[in-house]
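Summary of structural features
Below are the chains, spelled out letter by letter.
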Amino acid sequence: MTDGSPTSPLRILEVAALPFPSRQGTQVALDSMCRGLAERGHEIHLLAYAHGAFHVNAPYEIHRLPDSPRFRSLRSGPDWRRALLDLRLAAEVRRLAGALRPDVVHLHNVEAAAATLLLTFRPAPRCVYHAHNLMEHELPAYGTIGPRALTGRLGRFLDASLPARADLTIAISRSTRDGLVRAGADPARVRVVEPGADLEDLAGGPVPQPGAPPDTPEGFRVAYLGNLDRYQGVDRILDALALLRRRGLPAELVAISDSAPGSLSRRAGTLGLPARFVPHGTLADAISALRGCRVAALGRTVPGGFPMKLLVLLAARVPVAAVRTAVDGLDVDTAVVAARDDTPEALAEALQAAAGDAGRADRVAAGLRLARERFSRSAAAARLETVLHEARV
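Below, the structure is looked at part by part. (Residues numbered from 1 in each chain as written. Predicted model: local features only at pLDDT ≥ 70, side-chain atom pairs only at ≥ 80, totals over all residues. Heavy atoms only, no water.)

So, about the overall build of the chain. When helices and strands are tallied, the chain shows 13 helices and 13 strands. Relative to its length of 393 residues, the chain is compact, with a C-alpha radius of gyration of 21 Å against a globular reference of 21 Å. On the principal axes, the C-alpha backbone points of the chain span a range of 65 × 45 × 40 Å. In the chain, 67% of the contacts between residues at least 6 apart in sequence involve partners at least 24 apart. When the accessible area of the chain is evaluated, it comes to approximately 16,100 Å², of which 52% is carbon and sulfur surface. Side-chain charges of the chain comprise 49 positive and 42 negative groups, with the mean position of each set lying 3 Å from the other. (Helix = DSSP H or I, 4+ residues; strand = E, 2+ residues; numbered from the N terminus. Rg over C-alpha atoms; globule rule 2.2 N^0.38 Å. Contact = heavy atoms within 4.5 Å. Areas by Shrake-Rupley, 256 points an atom, 1.4 Å probe, with all protein chains shown as cover. Lys, Arg positive; Asp, Glu negative; His and termini not counted. Charge placed at Lys NZ, Arg CZ, Asp CG, Glu CD.)

Rendered as C-alpha cells:
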C-alpha cells in the first residue's frame, strides 16, 4: 500500500470477469487503462479469466482464475460456467486483496462488482465500480435469460445497488452516468471517465498509421467493424442499406469480424443486399479493409456504454454514421453524423450524409484529432488517475 498522498503511485487491483485479452470493446478499453496507468508509474495487477483470444505482452501483472470449469467462449452474455467462475473470482479477489494490499480495487462491469460488493466479507481496500454499460438495458438485449420486463427490473436493481455499495463509481460515458442516476445512484458519487486507446493496444505490435485519406471509393460500400451479436444492431444496418438500394444507390455491406456470418448472411441474401464478411485478422488488416469503404456504420441501440470501435474508425480516417443511441452523450458531432433517431430510415439518411462530399474532409480531420488527443491512451489514463486518487483518499 502506498503512502496515500494525492500524487503518489497507487497499487491497483483491476478485476474483470471476462476472457482477456480479446478484440472486444471492454477488453480493449481494459488493456488500455492498465497500460496507461502503468506508464504513469502505478503498480497494476489485473485479475481475469484463465483464457483469452491471443497472447499479450503486458507492462502489468495478469492474475488468472483456475481453468475450471473449462470455458473458452469469447462472447458476452450469461452462461452457467460464467456463474461458477464468478464465484471463484469472488474468493480470488479477497485473497489477492489480502496478499497485495492494494490502495484501490477497480471493478469492471457488473459481474466483478457483484462478486466483490454483494457477497459477504467485502475486501478492505477502497472499491471503485466501473460501469461499462447500463444493465437495465443490457440484460434484456441478450434475450436468453427471461422476459424482457423481468430482466430489465433485475438490471435496474444492479444499476442502483452496485454504486450504492462502492466507495466511488465510474461511468464510461455521460449517458451511462445519467442512467445510473435515474436508477437511484447517488450523483455525488458517480464520475464520468471516457476511455481511450491507441491503435497499438491489443494489436500484437506496431500498427502502420493510416496515410492521407484515399479518393472516395467507388460504389457505396458500408463497413461494419466488430462482433455480429444481435445487440450490435447489424440487422438495422442491413435494413438501412436495403433502403438505399431501393433508392438507387449501389449500397453493399462489408462486415469486418471474426464472428461467423450465420443468419446475417442469409438475411442479407433475403434483402437482395450484397454483403462481404471479411475476417478481422490483425488491426492493420481491419484498417486496410475499412479504407476500401465509403463510410462506416454504428447500429447499436442499447443505451449506455461507449463504442470502442469508434476510436478505430476515427483513427482510420473513415467517415462514420451512427444511430442516435450509439453516440448519445459522447459529444462527437464534429466527427460523426448522428441519425435523428434509431430507425433504419434515419440511419440511411445519415449514411448518405456522412459519405457525401459536403463536410466529409472536415469530419475526417476532426475524428483524427479526437482519436489522437481526447481519446488517446495517455489522455484517458490521466482522467482515470484523478478519480482513482480521489477514491483512495
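There's more to say after this.
Throughout the structure, instances matching the rule amount to 2 aromatic pairs. Judged by centre distance (6.2 Å) and plane angle (75 degrees), the rings of Y49 and F71 are edge-to-face. In this pair, Y49 sits in the loop between β2 (43-48) and β3 (61-64) while F71 sits in the loop between β3 and α2 (80-100), placing the two residues 22 residues apart along the sequence. Each member of the pair, Y49 as well as F71, is classed as buried. (Phe/Tyr/Trp six-rings, centres within 6.5 Å; stacked < 30°, edge-to-face > 60°. Buried < 20%, exposed > 50% of the residue type's maximum accessible area, 1.4 Å probe, protein only.)

Here we take up helix α3 (residues 109-117). Of all 9 residues that make up α3, 8 are buried, and the element is covered over most of its length. The complete set of buried residues in α3 reads N109, V110, A112, A113, A114, A115, T116 and L117.

In the contact formed by helix α4 (residues 135-142) and helix α5 (residues 148-165), the axes pass within 7 Å of each other and the chain directions differ by 145 degrees. The chirality of how α4 crosses α5 is right-handed. Two secondary-structure elements touch here, α4 through M135, E136, L139, P140 and A141 and α5 through R148, T151, G152, L154, G155, R156, L158 and D159. Taken together, the residues of the contact of α4 with α5 sort by class into 6 nonpolar, 3 polar and 4 charged. (Axes fitted to C-alpha atoms, helices over the stretch in contact; angles between N-to-C directions. Left-handed = near helix turned anticlockwise from the far one by under 90°. Nonpolar A, V, L, I, M, F, W, Y, C, P; charged D, E, K, R; others polar.)

Next up on the list: the sheet that holds β3. Sheet strands pair by backbone hydrogen bonding; their relative direction is either parallel or antiparallel. Reading across the sheet, the 7 strands line up as β3-β2-β1-β4-β5-β6-β7 and stay open at both edges, with parallel pairing between neighbours. Looking at the sheet topology across the chains shown, the edges are occupied by β3 and β7 (190-192). On average, each strand axis in the sheet is inclined to that of its neighbour by 25 degrees, with strand direction left out of account. Where strand β5 (residues 126-131) and strand β6 (residues 168-171) come together, 4 bridges link them in parallel fashion. When the bridges of β6 are listed, V128 appears paired with L168. Helix α1 (residues 25-39) rests against β1 (11-16), β2, β4 (104-108) and β5 of the sheet, and its axis sits at about 175 degrees to β1. (Pairing = 2+ DSSP bridges.)

Next up on the list: the sheet that holds strand β12 (residues 320-322). The parallel open sheet is built from 6 strands, whose spatial order is β10-β9-β8-β11-β12-β13. Among the strands making up the open sheet, the edge pair consists of β10 (275-278) and β13 (336-338). In this sheet, adjacent strand axes meet at a mean angle of 25 degrees when their direction is disregarded. Direction of pairing for strand β8 (residues 220-225) relative to strand β9 (residues 251-256): parallel, over a ladder of 6 bridges. Note on β9: the bridge partner recorded for A223 is V254.

Turning our eyes to something else, we now look at the packing of α1 against helix α13 (residues 377-392). Where α1 contacts α13, the two axes come as close as 8 Å, and the packing angle between them is 80 degrees. When the axes of α1 and α13 are compared, the pair comes out roughly perpendicular. Counting all contacts with α1, which are made through S32, M33, R35, G36, L37 and E39, the residues of α13 involved are R377, A381, L384, E385 and L388. Considered class by class, the residues forming the contact of α1 with α13 number 5 nonpolar, 2 polar and 4 charged. (Parallel < 35°, antiparallel > 145°, perpendicular 65-115°, else oblique.)

Another point: the pattern of salt bridges. Pairing between side chains of opposite charge can happen when their charged atoms approach one another. Inspection of the entire model under this criterion finds 21 salt bridges. The salt bridge partner of R267 is D239, with a shortest N-O separation of 2.8 Å. Residue R267 is found in helix α8 (residues 262-270), and its partner D239 is found in helix α7 (residues 234-246); the two are separated by 28 residues along the sequence. Judged by its relative accessible area of 29%, R267 falls in the partly exposed class. When its relative accessible area of 24% is taken as the criterion, D239 is described as partly exposed. Salt bridges linked by common partners bring E39, D198 and R377 together as one network. (Salt bridge = Lys/Arg side-chain N within 4 Å of Asp/Glu carboxyl O.)

This part is about the nonpolar core. Judged by nonpolar contacts, the single largest core of 94 residues is most densely connected at L241, L290, V336 and L351. Sequence-distant contacts of V336, that is, excluding residues within four places in its chain, are made with L310, L314, V320, A322 and V327. (Core = buried A, V, L, I, M, F, W, Y, C linked by side-chain atoms within 4.5 Å.)

This part covers a nonpolar patch on the surface. A grouping of L84, L87 and L119 is seen on the molecular surface, where their side chains present a nonpolar patch of about 270 Å² in accessible area. Residue placement: L87 occurs in helix α2. In this structure L87 comes out as exposed when scored by relative accessible area, which is 55%. (Patch = residues over 30% accessible without salt bridge, like charges linked within 9 Å, V, L, I, M, F, W, Y side chains within 5 Å.)

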